[in-house]
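Descriptive structure summary
Single-letter residue listing:
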Amino acid sequence: MGKGQGPAPEQLGGTAIKPVGWDRTGMEAFKYLLYNPDTGEVLTRTPLSWLKITVFYTIYYSCLAAFWVGCLNIFFLTLPENSMGPKWTMDKSIIGTNPGVGLRPQNTDKLIDSQMFVLKAQDTNVIPTNEGRDNEGQGNTNVDYAARL
């Protein structure tokens, strides 16, 4: 306190004053965390503080939900009626009527670490390499790629 008005408060370090309850430990500290009768705090917040934060987050998440519902409605506006079927089909789509290869053949065991395979335009072979054996189609001809599918 001041000069001549009793003992000075105990100080931490150079000038800091110890707060009330700094020496609470264990269950007593936990009880004061749940409810502090000196200040009326519940979980370190006053009831007015809890009200303010609850109102804020209620408004915030309500606006976020409204934005999401608005975006969902805009998405649904772009969908065709069920009776019309899908919007992009066959000739009207980007890939057209011939979408291409849906399966990729495996490489030979010798080239297992490579993802590249080469089809030869002049290859007319119709019998795969090692036909009838366990390692059938282990060559690099066009028919070998087909055999490995």
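A brief look at the structure comes next. For clarity, every value in this text was computed on a predicted model and none was experimentally measured.

The rules behind the values
- Per chain, the residues get numbers from 1 upward, laid out in the order the sequence is written.
- Only residues with pLDDT of 70 or above have their local features reported here, since the model is predicted, and side-chain atom pairs are shown and tallied only from 80 upward, although totals for entire chains, interfaces and linings are computed over all residues.
- Hydrogens and waters are ignored; side-chain quantities use all the structure's heavy atoms.
- Take a side-chain nitrogen of Lys or Arg and a carboxyl oxygen of Asp or Glu: if they are within 4 Å of each other, that pair is a salt bridge.
- Put simply, DSSP marks the helices as runs of H or I at least four residues long and the strands as runs of E at least two long, and each gets a number from the N terminus on.
- Throughout this description, buried means an accessible area under 20% of the type-specific maximum (1.4 Å probe, protein chains only), exposed means over 50%, and partly exposed covers the range between.
- Each patch is built from salt-bridge-free residues with over 30% relative accessible area, joining like charges within 9 Å and nonpolar side chains (Val, Leu, Ile, Met, Phe, Trp, Tyr) within 5 Å.
- All accessible-area figures derive from a Shrake-Rupley calculation using a 1.4 Å probe, and residue coverage is judged against the displayed protein chains alone.
- Pairs were defined over the aromatic rings of Phe, Tyr and Trp, the Trp ring being its six-membered one, requiring ring centres within 6.5 Å. Orientation was assigned from the angle between planes: stacked under 30 degrees, edge-to-face over 60, tilted for the rest.
- Think of it as a cone above the ring: NZ of Lys or CZ of Arg counts as a charge over the ring if it is within 6 Å of the ring centre and within 35 degrees of the ring normal.
- We call two residues contacting when some pair of their heavy atoms lies within 4.5 Å.

1. A closer look at the pattern of salt bridges
Any two side chains of opposite charge can pair, so long as their charged atoms come close to each other. All chains considered together, the criterion is met by one salt bridge. Across the pair Arg24 and Asp38 runs a salt bridge, and its minimum N-O distance is 3.8 Å. With a gap of 14 residues between them, Arg24 in the loop between strand E2 (16-17) and helix H1 (26-34) and Asp38 in the loop between strand E3 (35-36) and strand E4 (41-42) connect regions that are remote in the sequence.

2. Some details on unusual backbone geometry
One can expect most non-glycine residues to show negative phi and most peptide bonds to be in trans. Here the phi dihedral of Thr44 falls at roughly 65 degrees; this positive angle occurs in a residue that is not glycine. Note that Thr44 resides in the loop between E4 and helix H2 (47-77). Judged by its relative accessible area of 52%, Thr44 falls in the exposed class. One non-glycine residue with positive phi stands out, namely Met90, at about 40 degrees. For Met90, the position within the fold is in the loop between H2 and helix H3 (142-147). Using a relative accessible area of 52% as the deciding quantity, one classes Met90 as exposed.

3. Looking at a nonpolar patch on the surface
Taken together, the side chains of Met27, Phe30, Leu33, Leu34, Tyr35, Val42, Leu43 and Trp50 define a hydrophobic patch exposed on the protein surface, amounting to about 730 Å² of accessible area. In terms of residue count, H1 provides more of the nonpolar patch than any other element does, four residues in total. Checked against the element boundaries, Leu43 lands in the loop between E4 and H2. The partly exposed category is assigned to Leu43, whose relative accessible area is 42%.

4. Topic: the packing of aromatic side chains
Counting across every chain of the model gives six aromatic pairs. Aromatic pair Phe56 and Tyr57: ring centres 5.0 Å apart, planes at 80 degrees, arrangement edge-to-face. Since its relative accessible area comes to 47%, Phe56 is described here as partly exposed. Both rings, one in Phe75 and one in Phe76, keep their centres 5.6 Å apart while their planes meet at 50 degrees; by these two values the pair is tilted. Accessibility expressed as a relative area gives 47% for Phe76, which makes it partly exposed. Put simply, the rings of Phe56, Tyr57, Tyr60 and Tyr61 touch in pairs and so form one group of aromatic residues. One cation-aromatic arrangement involves Arg45 over Trp50; the distance from NZ or CZ to the ring centre is 5.7 Å.

5. Re the environment of Leu33
Here Leu33 lies in helix H1. On the accessibility criterion, Leu33 (38% relative accessible area) is partly exposed. Note: C-alpha distance between Leu33 and Leu43 (10 residues apart in sequence) is 5.4 Å. Setting aside its immediate chain neighbours within four residues, Leu33 contacts Val42, Leu43 and Thr44.

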